[in-house]
Amino acid sequence: MLVKKLPGNFASVEVKVVDCPNLTEEPFRLTTPGLGGSPTLIEIGGNAFMMPLADLTKIYNVKEIIEKSLDGADSNLYAIGAGAGPFPSIGKNSEGIYNVKISKQGDIENRSYISKVEGPNEECEVGRVKPCENKLGILGNLFACQGIEGKVLKVHCKKRIGGLNFIESIRLALTEHFGSKAVGLGGIFLLKQGAAKQHVMRDFPKKPINSEAELNKWLAFYEMPAVLNAVGTLVTQEMDVDLRLQHFHSFSDKWAGHYHYDTTPDIVEYEGYFNIGEKVVRVDKPKNTHQLGRD
Ligand code: ZN
């Protein structure tokens, strides 16, 4: 059904079930070799803890959450995805591009990227967390698995002719096909050609953010050039647990942030590898939620 729907948004579309390429190699640069073995979508906290004002008590142990979510899996565990950075270690708010391995023995190897707004010219600065970092701040959407290389869904699109971003086009096609039945995917896509509009959160809001306009003033937006490697999750339904429908963050050596859409429809090229989540784990769902900043 993706083959049928995606051509409404892209001039060239190829959808196939393929053997997962080794994602630890170039150009993917992940800790996980594959996306198989107890594939699980994990949503932690939420935007309701970032705004109107940030709740700085929301510090999560990402290692413990991954281990508990894949309870019983006797192997290395991996998680990739989008969230806020570990602010107690970074010293301020940041974007987190999660890329984590936990060995069978229980040691964490955290190769996540962060990006933050720095200096008088408000530049986007990309950094790495400490390899032993086990914290995640405020919110996160992770895809966790045992890293097994098996079959994955490959989606390769070129030249955007519609108004949807890459992930929206996949998500809405799945929603239309599966209706009220929830389907969730996680994985990685490369923006191989062109550029993307992406945001980086400034430091925690000093004044309450109560509208999209106030939110867009707080976020710093950049046009980030390819190649960008984006990791995250999408799901077709909130499933009564306030799930964020899509959330991808991307990285390169110089740029990293929250993916909104490409700014170069004529030359854009996307190549994604996804697996289907077998379950969803919801951690610390906010009691009072809102819909601000979910795109
Ligand atoms: Zn984000």
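Residues numbered from 1 in each chain as written. Predicted model: local features only at pLDDT ≥ 70, side-chain atom pairs only at ≥ 80, totals over all residues. Heavy atoms only, no water.

Peer 1: Sorry if this is basic, but what is going on with the sheet that holds strand β13 (residues 219–225) here?
Peer 2: The strands making up a sheet associate through hydrogen bonds between their backbones, and the pairing can be parallel or antiparallel. Pairing within the open sheet is antiparallel, and its nine strands lie in the order β1-β10-β17-β11-β14-β15-β16-β12-β13. The outermost strands of the open sheet, each flanked by one partner alone, are β1 (10–19) and β13. Adjacent strand axes in the sheet meet at a mean angle of 30° when their direction is disregarded. Here strand β11 (residues 184–193) pairs with strand β17 (residues 269–276) via eight bridges, running antiparallel. Bridge pairing links Leu191 to Tyr270 in β17. (Pairing = 2+ DSSP bridges. Helix = DSSP H or I, 4+ residues; strand = E, 2+ residues; numbered from the N terminus. Axes fitted to C-alpha atoms, helices over the stretch in contact; angles between N-to-C directions.)

Peer 1: Looking at this model, I keep getting lost on the pattern of salt bridges. Mind explaining?
Peer 2: A pair can form between side chains of opposite charge whenever their charged atoms are brought close. Applying the stated criterion across every chain yields a total of 19 salt bridges. Among the salt bridges present, the one from Glu43 reaches Arg282, with a minimum N-O distance of 3.9 Å. With Glu43 in strand β2 (residues 40–45) and Arg282 in strand β18 (residues 279–283), this residue pair connects regions lying 239 residues apart in the sequence. Assigned by exposure class, Glu43 and Arg282 land together as buried. Between Asp242 and Arg294 there is a salt bridge whose closest N-O contact spans 2.8 Å. (Salt bridge = Lys/Arg side-chain N within 4 Å of Asp/Glu carboxyl O. Buried < 20%, exposed > 50% of the residue type's maximum accessible area, 1.4 Å probe, protein only.)

Peer 1: Mind showing me how you'd approach the environment of Lys192 here?
Peer 2: If you trace the backbone, Lys192 turns up in strand β11. Once the C-alpha coordinates of Lys192 and Asn229 are considered, the two residues, 37 residues apart in sequence, prove to be 8.6 Å apart. For Lys192, the residues in contact, after removing those within four places along its chain, are Ala226, Val227, Glu269 and Glu271. Side chain to side chain, Lys192 and Glu271 meet in a polar contact 2.6 Å long. (Contact = heavy atoms within 4.5 Å. Polar contact = N/O pair within 3.5 Å; in protein donor to acceptor, adjacent residues only side chain to side chain.)

Peer 1: Even after reading the chapter, I still don't get the coordination of the zinc ion, so can you show me in this structure?
Peer 2: The expected angle between donors at a tetrahedral four-coordinate metal is 109.5 degrees. At an octahedral six-coordinate metal it is 90 or 180 degrees. Every protein donor of the zinc ion is listed here as His247 (NE2), His249 (NE2) and His258 (ND1), and their distances to the metal cover 2.0 to 2.1 Å. Along the chain, the residues donating to the zinc ion fall in the pattern H-x1-H-x8-H. Linking His247 in strand β15 (residues 246–251) with His258 in strand β16 (residues 256–262), this pair joins segments that are 11 residues apart in sequence. Each member of the pair, His247 as well as His258, is classed as buried. (Donors = N, O, S within 2.8 Å, 3.2 Å for Na, K, Ca; no water.)

Peer 1: Can you walk me through the packing of aromatic side chains in this structure?
Peer 2: Two aromatic rings are characterised by how far apart their centres lie and by the angle between their planes. The final tally for this structure, using the stated rule, is 14 aromatic pairs. Centroid distance Phe166 to Tyr270: 4.5 Å. Interplanar angle 5°. Geometry classified as stacked. On the criterion of sequence distance, the pair formed by Phe166 in helix α4 (residues 166–178) and Tyr270 in strand β17 is long-range, its members being 104 residues apart. Measuring from ring centre to ring centre gives 6.4 Å for Phe166 and Phe274, while their planes differ by 40°; the resulting arrangement is tilted. Residue Phe166 is located in helix α4, and its partner Phe274 is located in strand β17; the two are separated by 108 residues in the primary sequence. (Phe/Tyr/Trp six-rings, centres within 6.5 Å; stacked < 30°, edge-to-face > 60°.)

Peer 1: Teacher, can you tell me more about empty space enclosed by the protein here?
Peer 2: By rolling a water-sized probe across the atoms, one finds the places where empty space is left. Applying the stated rule across the entire model yields four cavities of 30 Å³ or more. When its volume is computed, the largest cavity comes out at roughly 150 Å³. Every residue lining the largest cavity is counted, 20 residues in all, and those nearest its centre are Asn47, His199, Met201, Arg244 and Gly293. Elements that contribute at least two residues to the lining of the largest cavity include exactly β4 (77–84), β12 (195–201), α5 (212–218), β15 and β16. Element by element, the count of residues in the lining of the largest cavity is highest for α5, at three residues. (1 Å grid on protein atoms, 1.4 Å probe; cavity = no way out; pocket = protein on both sides within 12 Å on 5 of 7 lines; lining within 4 Å. Points joined across faces, edges and corners; volume = space filled by probe spheres on them.)

Peer 1: Honestly, the nonpolar core in this entry has me stumped. Any pointers?
Peer 2: For soluble globular proteins, nonpolar side chains are generally found buried alongside one another. Counting 32 residues, the largest nonpolar core has Ile42, Ile44, Met50, Ile66, Ile138 and Leu142 as its most contacted members. Of all the secondary-structure elements, those providing two or more residues to this core are β2, α2 (62–69), β4, β5 (95–102), β9 (135–145), α5 and β18. Looking at this core element by element, the count peaks at five residues for β9. Discounting chain neighbours no more than four positions away, the residues touching Ile42 are Ile65, Ile66, Ser69, Gly140, Asn141, Leu142, Ala144, Val281 and Val283. Counting 29 residues, the second-largest nonpolar core is a separate cluster that includes Leu2, Phe10, Ala230 and Phe248. (Core = buried A, V, L, I, M, F, W, Y, C linked by side-chain atoms within 4.5 Å.)

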